[in-house]
Amino acid sequence: MTREERLAILGPEIVAHIHQLVAEAPEPPPEVVEKLRRIMTRPGGELPAGRPAVTVEPAGGKRL
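Since the model is a prediction, treat every value here as computed from it, not as a measurement.

Taken together, the side chains of Met1, Ile9, Leu10, Ile14, Ile18 and Val22 make up a nonpolar region of the molecular surface, amounting to roughly 610 Å² of accessible area. Of all the secondary structure elements, the ones that give two or more residues to the nonpolar patch are helix H1 (3–10) and helix H2 (12–24). Element by element, the count of residues in the nonpolar patch is highest for H2, at three residues. Taking relative accessible area as the criterion, Val22 reaches 59% and is therefore assigned exposed.

Turning our attention to the pattern of salt bridges. All told, the structure shown has two salt bridges when counted by the stated rule. The closest approach of N and O atoms between Arg37 and Glu34, which form a salt bridge, is 3.4 Å. Of the two residues, Arg37 and Glu34 both sit in helix H3 (residues 30–41), three residues apart, roughly one turn of that helix. Judged by relative accessible area, Arg37 falls into the partly exposed class, the value being 47%. Bridged by salt links that share partners, the residues Glu34, Arg37 and Arg38 form one connected network.

What counts as what
Residues numbered from 1 in each chain as written. Predicted model: local features only at pLDDT ≥ 70, side-chain atom pairs only at ≥ 80, totals over all residues. Heavy atoms only, no water. Patch = residues over 30% accessible without salt bridge, like charges linked within 9 Å, V, L, I, M, F, W, Y side chains within 5 Å. Areas by Shrake-Rupley, 256 points an atom, 1.4 Å probe, with all protein chains shown as cover. Salt bridge = Lys/Arg side-chain N within 4 Å of Asp/Glu carboxyl O. Helix = DSSP H or I, 4+ residues; strand = E, 2+ residues; numbered from the N terminus. Buried < 20%, exposed > 50% of the residue type's maximum accessible area, 1.4 Å probe, protein only.

What follows is the structure, given as structure tokens:
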């Protein structure tokens, strides 16, 4: 949703009120910022380690 779409739905008074509330909110503690940074940069968690490729031979033992 674009800024213009939000403004059209909510109206300028509500948007101004939201901006005021955000400006008054305290800064989060550093540990919260660090946790959020990890979530936002790796939302699925750590990447799994790579595995070596496996060669599969068809039944009968002949490679194609």
